[in-house]
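Residue-level listing of the chains:
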Amino acid sequence: FVYGVSKDLMASTNSGAMYERWADKYGVVYKIPTVLGRSAIVLCDPKAIAHFYARETWTYVLTPFSSIILEGLVGRGLLWAQGESHRRQRKSLTPAFSNAAIWKLTSVFYDSAYKV
């Protein structure tokens, strides 16, 4: 009740492997117990994640605590924004991630991969 799975995740040397095992056991979307009896939903499906972050910006909102933590970590950018502000920021960034823009960078990625 007090720690949920948080204590196990902090003690683990590879918490990502724990999430992968849970995804194999429970499916690509599952709920885990968190601190003080609360719970969190974990999404491992790319389409579910895309829906969560891109399609329903008005439905899925950050909790006030999550918003404060995120603002402290990354500032008031695209990850922090919600609602109309988030939609406006995504709209201004869309041209930079178009197929044509990414195609122009293919040689840069190829050269970097070759050097590695």
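See the structure above.
Residues numbered from 1 in each chain as written. Predicted model: local features only at pLDDT ≥ 70, side-chain atom pairs only at ≥ 80, totals over all residues. Heavy atoms only, no water.

### Some words on the overall build of the chain
Tallying secondary structure elements over the chain gives seven helices and two strands in all. Secondary structure elements in the chain, listed N-terminal to C-terminal, are α-α-β-β-α-α-α-α-α. Against the compact-globule benchmark of 13 Å for 116 residues, the chain has a radius of gyration of 18 Å, which places it well outside the compact range. Projected onto its principal axes, the C-alpha coordinates of the chain cover approximately 50 × 40 × 25 Å. The buried share of the chain, reckoned over its 116 residues, is 12%. As displayed, the chain offers around 9,600 Å² of accessible surface, 63% of which is attributable to carbon and sulfur atoms. Both charge centroids of the chain, one from 14 positive and one from 8 negative side chains, sit 5 Å from each other. (Helix = DSSP H or I, 4+ residues; strand = E, 2+ residues; numbered from the N terminus. Rg over C-alpha atoms; globule rule 2.2 N^0.38 Å. Buried < 20%, exposed > 50% of the residue type's maximum accessible area, 1.4 Å probe, protein only. Areas by Shrake-Rupley, 256 points an atom, 1.4 Å probe, with all protein chains shown as cover. Lys, Arg positive; Asp, Glu negative; His and termini not counted. Charge placed at Lys NZ, Arg CZ, Asp CG, Glu CD.)

### Section: the packing of aromatic side chains
One pass over the full model with this rule turns up three aromatic pairs. Relative to Trp22, the ring of Tyr19 has its centre 5.4 Å away and its plane inclined at 85°; by these criteria the two rings are edge-to-face. Residue Tyr19 and its partner Trp22 are located together in helix 2 (residues 15–26), separated by three residues, close to a single helical turn. Taking the relative accessible area as the measure of exposure, Trp22 reaches 16% and is therefore buried. Measuring from ring centre to ring centre gives 6.3 Å for Trp22 and Tyr30, while their planes differ by 75°; the resulting arrangement is edge-to-face. Both residues of the pair, Trp22 and Tyr30, count as buried. Taken together, the aromatic side chains of Tyr19, Trp22, Tyr26 and Tyr30 make up a single cluster linked through ring pairs. (Phe/Tyr/Trp six-rings, centres within 6.5 Å; stacked < 30°, edge-to-face > 60°.)

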